[in-house]
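Working through the structure, step by step
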Amino acid sequence: MTLFELPVLLGIVVAMALLRLVRASLLVWVLAWWIGIYVFVSRGFATPVPASAQHIYLGIVTLALFAYVTSSGERIRSFVDPLVNFAGDGRYTLALVPVLLALPALAAYREYVNAKVPVEPPFFARTVHPSPPTEITVHDQKIDMLGGDNPLRHLEKDDPAKFAEHVARGKDIYYEQCFFCHADALGGDGMYAHGLNPAPANFIDQGVLPSFQETFFFWRIAKGGPGMPDEGAPGDSAMPEWERFLSNEQMWEVVLFLYDHTGYRPRAREVHAEGH
Amino acid sequence: MNPRLLIAAAIVVLLGLGGAVRVYFALENQAYHPPVRSLGVESGFPREQALKDIAKDREAKAKAKKYEAPTYRTLPFVSSRVAVWVVAQLHLMFAAFVLAVPMFAFIIELIGYFNGDKRYDRLAYEFTKLLSTSFSFTASFGGFLTFLLIMLYPAFTNYLMEIFSWTFFPYVALFFAEAGFLYSYYYGWGKFHPVVHLLLGLGVNVVGTLIMFIADSWASFMMTPGGVSDAGALIDPWAALDNFTWMPINIHRFIGNIAFGGSVAAAYAAWKFLGAKTDEERAHYDWMGYMGNFVAISAFLPLPFAGYYLAREIYGYNQALGIMMMGGAFSWLFIIQAVLIGNLFLAANYYLWLGMGRIEGTQSYQRYVKYLLAAIAVCFAVWATPRSILASVSEIKAMGGTLHPALGVLGVMSAKNTAVNILILTTYVSFLFYRRTGKRPTVAWAALGNAVQFLIFFGVSGFVIALGVYGYFVDAATRIGLSIPQVLSVLIGMVTMTVIDAFMLRGAEQTGETHWGKLPAISQYVLIFIAVTFTWLMGLMGYVRSGLRQHWHVYGVMRDQSVDAFTPTLGFATQVISVIVIIFFAFIAFVFWLSSLHDKPDWGSAGQGPRGSHGPGGGRH
Ligand code: HEM
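These numbers were taken from a predicted model, which means no experiment stands behind them.

As a further point, take the overall build of chain A. The number of helices and strands found in chain A is nine helices and two strands. For chain A, the succession of helices and strands along the chain, N to C, is α-α-α-α-α-β-β-α-α-α-α. Expected size for 276 residues packed as a compact globule is a radius of gyration near 19 Å; at 28 Å, chain A overshoots this value by more than 25%. By principal-axis analysis of the C-alpha atoms, chain A measures approximately 85 × 50 × 35 Å. Considering only intrachain contacts with a sequence separation of at least 6, the fraction spanning at least 24 residues in chain A is 63%. Carbon and sulfur atoms provide 64% of the accessible area of chain A, an area that totals close to 15,900 Å². Of the side-chain charges in chain A, 21 are positive and 30 negative, and the distance between the mean point of each set is 10 Å.

Structure follows, in structure tokens:
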């Protein structure tokens, strides 16, 4: 899988190299860097970068270029002088006209592009991993979300054979129940996935399994989309409430399988710092 | 002025007023009004008597009313949360300022004592002048806050007293001690033996820090209570004080305060610089701003690590709090935090580069500026890359989730830690370049020294980046552990480079003199920008700390049952923070103005104030 649009990258590099050859002035360089980075973040990635992130990056670039140009008197001059010359020197009057026309035209073009955006539902700062309640009840059993642990986890050391059995059962459950959405390879792109918004969780992603303890996923599996707290709203994900279909042990088993298969370890419990 | 125009304006105003009145009555007419009953019509009923009976009844009831201790009271117009929030934050900001300024006043005085340069002593005094008014404001806001808490949250305040009343007497005693030390330090300037005076300064600082430690225990207890039973009864007073986040907050605030105080003091100098009339004044305030900023940035560099320690303890106390903070609703605030911090780094470097302009002669280091800048911009971009990106539905579809396949890699801890370490290192190198501008080393091994410094710089950067990359291949606990060697290598690198530099510049040839005050005015706006950003950052993080508790007064122990027991939207929170920052700077401007009165000529006398320090027409501002 390529992450970048190689032709675009190549184009930017070649353009920069050409500028280097013609000994462009600071003004041209600043414009070139800005445009180059703009093209890079807006066109250079195989998967387009969302507008919100583009804004952050271009904001940073603008600030940085501003800081560079104004960081010494000499640079300010080599940036401003060509502009002043261009605007004031009679020789350039003819060239000035198209530039003056181009500026409002660019603004108009931008408006046009902005207006052309297809109508979409508003986006929502959804929290994919809301904080869990301190305790949940599943099949009449109270599960301590903070101090608790996977009741089968200790077998990993105490009885590896038994542990392997549980993992194998977890695997069966996964490929009977979960892979339609979460996919064969656990990548979250199962055959139903394109129809779903929010998309099913991707268990290969670093930010999922290793970032939380096992009780967290037990909770997410048992309570599903409907059990999402308000903070993770709108709680309209298609994740079923598996407590209706699976026993507690089965759900713990499938959690074991997820970790076992991906090779991730559950988030370790932080201990209170020593010596205080 | 054209009289016809005036008349036309008057007519327009009158018409406007008339229109407003007309609209008011129109609306008033539409409102529901109870039907008017004429007393006369109802004379057949014993109305008079009934009214009397009712009044009597009411009186009897009022007399028999039992006293019930309220759990909450409310204010008109402002919600209790916002009232306490604003006042507490203002109190914190003034407190931070009052604790920080003596710290560097003391350090600067100490430097002056050892190198015998009178300028340092004067500078320390100038900083101290900002203190006495601020001290009163701190206490006033503290009193205001206490009253508000008792008034608006009586039951909760009572509970805190239950837990912490034993800390109040030491607190008060320390307060008296602080007043004693502070005022004798300030009024006793130049009146004591320098060592005695320095000891007074040390006293101010030790006592001030202890005060903060005590107050921190109350705030941190609310977030991560310890030493109480499940129902909230006090079991172990010391464990309540020394709860999970007490020490991390002590440390984070201690360092944060210095950075904040330094930046505000630098803003003061910038403001004086901009109003200065003579080159001499400009030189003085330029130097003062430089020193304040130097203090601020030095304290700023270790803050990220203190922050991580704090975050770790929050996770350790309760996973749900940790997730709430870094992954949940509050994680968006950390994107804002990252943007602010990136701006601070950029501004700090920018100020140093501008500062090279003070030094005449060839500027051999200027040509490195663009590489430093590139490093900063890249690290800033990494630091500000959100883990899960705000995106529209079609953008999410295209990415297959809120994770971008390429940028998602930058959103995690490994990348961010690496970025912040490189930012720190780059800032340090900017400082090194600044320090060296206008000097040429004369020692024989200068070329070797330079080469070794370069090697250290690239070695440390390479090591930090390698560890960052390695972090992607290990589990979370190991990954977090990696941040320690990263920090240590940066620290060791900075120390060794400093040592080499110090020896190398011994007896260096001066190729250009430093002209304090000779730099573009924009540098002073940068100082003000840094101060405002710091203040805003402080308000933001204070909100995160307090807001994390959500619907709890004391997390997991005492529920918030008031109407404010919800988490406000991020937009609302940022607006409140902005208002707080504006109020704070309004007060601080007043403090600046007061301290500039000091140097104004007496009323009625035509004489000038003391040379080099009289205000830039302070009264104008
Ligand atoms: C360069 C990095 C950082 C800077 C410059 C910074 C700066 C500050 C400042 C100035 C304050 C206010 C101190 C005070 O109230 O006296 C503060 C408070 C705080 N910071 Fe940081 N911080 C940084 C990193 C972090 C990180 C990484 C975290 C956690 C993930 C964090 C969490 C907090 C919290 C929770 C508070 C509130 C403490 C309180 O007011 O009770 N900070 N920070």
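Following the structure, the description resumes.
Now for the site of the ligand. All names here are of chain B. Near the ligand there are 19 residues, and of these His252, Arg253, Asn257, Pro304 and Arg545 occur at the shortest range. In this structure, an oxygen atom belonging to the ligand sits 2.6 Å away from a side-chain N or O atom of Asn257. In this structure, Gln337 approaches the ligand through a side-chain N or O atom, which is 3.5 Å from a nitrogen atom. Listed by contribution, the elements that provide at least two residues to the shell around the ligand are α10 (246-275), α12 (303-317), α14 (331-355) and α20 (522-547).

All right, on to the domain arrangement of chain B then. Residue and element names in this part refer to chain B. Here the domain parsing of chain B yields domain 1 (69-308 + 522-597) and domain 2 (359-514). Once you take the C-alpha centre of each, domain 1 and domain 2 turn out to be 30 Å apart. Taking both sides of the interface into account, the surface hidden between domain 1 and domain 2 amounts to around 760 Å²; carbon and sulfur atoms contribute 82%. Three residues, Leu301, Phe305 and Tyr308, lead the burial of domain 1 against domain 2; their summed loss comes to 66% of the area buried on that side. Seen at the junction of domain 1 and domain 2, the total is zero salt bridges. Summed over the shared surface of domain 1 and domain 2, the result is zero residue pairs in polar contact (both at pLDDT 80 or more). Among the secondary structure elements, those contributing two or more residues to the side of domain 1 that touches domain 2 are α11 (279-300) and α12. Here the side of domain 1 that touches domain 2 is composed, by residue class, of seven nonpolar, no polar and no charged.

As a further point, take the interface of chain B and chain A. Between chain B and chain A, the residue contacts involve 58 residues of the former and 53 residues of the latter. Of all residues in chain B, Gln319(B), Ile323(B) and Leu390(B) bury the most surface against chain A, accounting for 12% of the area lost on that side. On inspection of chain B and its partner chain A, the count reaches four residue pairs in polar contact (both at pLDDT 80 or more). Taken together, the residues that form the side of chain B that touches chain A break down as 35 nonpolar, 14 polar and nine charged.

We now examine the pairing of strand β1 (residues 135-138) of chain A. Residues and elements named next belong to chain A. What you see with β1 is a clean split: Ile136 and Val138 sit on the buried side and Glu135 and Thr137 on the side with no burial. In terms of strand pairing, β1 meets strand β2 (residues 141-144) through four bridges, oriented antiparallel. Residue pairing in the sheet places Glu135 in a bridge with Asp144 of β2.

Let us look at the environment of Pro70(B). Residues and elements named next belong to chain B. Tracing the sequence through the fold places Pro70 in the loop between α2 (47-64) and α3 (80-115). With relative accessibility at 27%, the residue Pro70 sits in the partly exposed group. Separated by 83 residues in sequence, Pro70 and Tyr153 place their C-alpha atoms 8.7 Å apart. With near-sequence residues (within four places) excluded, Pro70 lies in contact with Pro154 and Ala155.

A few words now on the nonpolar core. With 182 residues, the main nonpolar core has Phe127(B), Phe221(B), Phe300(B) and Leu548(B) as its most contacted residues. The contact partners of Phe127(B), leaving out residues within four places of it in the chain, are Val101(B), Phe104(B), Ala105(B), Ile108(B), Ala265(B), Met288(B) and Gly292(B). With 35 residues, the next largest nonpolar core counts Leu155(A), Ile173(A), Phe179(A) and Phe218(A) among its residues.

Moving on, we come to the domain arrangement of chain A. Entries for chain A in the domain assignment read domain 1 (6-115) and domain 2 (135-262). Inter-centroid distance (C-alpha atoms) of domain 1 of chain A to domain 2 of chain A is 49 Å.

Moving on: a nonpolar patch on the surface. Residue and element names in this part refer to chain B. A grouping of Leu110, Tyr113, Phe114, Val195, Leu199, Leu202, Val206 and Leu210 is seen on the molecular surface, where their side chains present a nonpolar patch of about 720 Å² in accessible area. Taken together, the elements giving at least two residues each to the nonpolar patch come down to α3 and α8 (194-223). Examining the composition of the nonpolar patch, we find that five residues originate from one element, α8, more than from any other. Positionally, Val195 belongs in helix α8.

This brings us to unusual backbone geometry. Residue and element names in this part refer to chain A. One non-glycine residue, His139, adopts positive backbone phi at about 50°. One can find His139 in the loop between β1 and β2. Overall, His139 belongs to the partly exposed group, its relative accessible area being 42%. Positioned with a positive phi, Leu186 is a non-glycine residue whose angle comes to about 70°. Its place among the elements puts Leu186 in the loop between α7 (160-182) and α8 (214-223). Note on Leu186: relative accessible area 0%, which makes it buried.

Calculation rules
- Residues numbered from 1 in each chain as written.
- Chains lettered and ligands numbered in written order.
- Predicted model: local features only at pLDDT ≥ 70, side-chain atom pairs only at ≥ 80, totals over all residues.
- Heavy atoms only, no water.
- Helix = DSSP H or I, 4+ residues; strand = E, 2+ residues; numbered from the N terminus.
- Rg over C-alpha atoms; globule rule 2.2 N^0.38 Å.
- Contact = heavy atoms within 4.5 Å.
- Areas by Shrake-Rupley, 256 points an atom, 1.4 Å probe, with all protein chains shown as cover.
- Lys, Arg positive; Asp, Glu negative; His and termini not counted.
- Charge placed at Lys NZ, Arg CZ, Asp CG, Glu CD.
- Near = heavy atom within 4 Å.
- Polar contact = N/O pair within 3.5 Å; in protein donor to acceptor, adjacent residues only side chain to side chain.
- Domains from an automatic or database assignment.
- Buried area = accessible area lost by both parts, 1.4 Å probe.
- Salt bridge = Lys/Arg side-chain N within 4 Å of Asp/Glu carboxyl O.
- Nonpolar A, V, L, I, M, F, W, Y, C, P; charged D, E, K, R; others polar.
- Buried < 20%, exposed > 50% of the residue type's maximum accessible area, 1.4 Å probe, protein only.
- Pairing = 2+ DSSP bridges.
- Core = buried A, V, L, I, M, F, W, Y, C linked by side-chain atoms within 4.5 Å.
- Patch = residues over 30% accessible without salt bridge, like charges linked within 9 Å, V, L, I, M, F, W, Y side chains within 5 Å.

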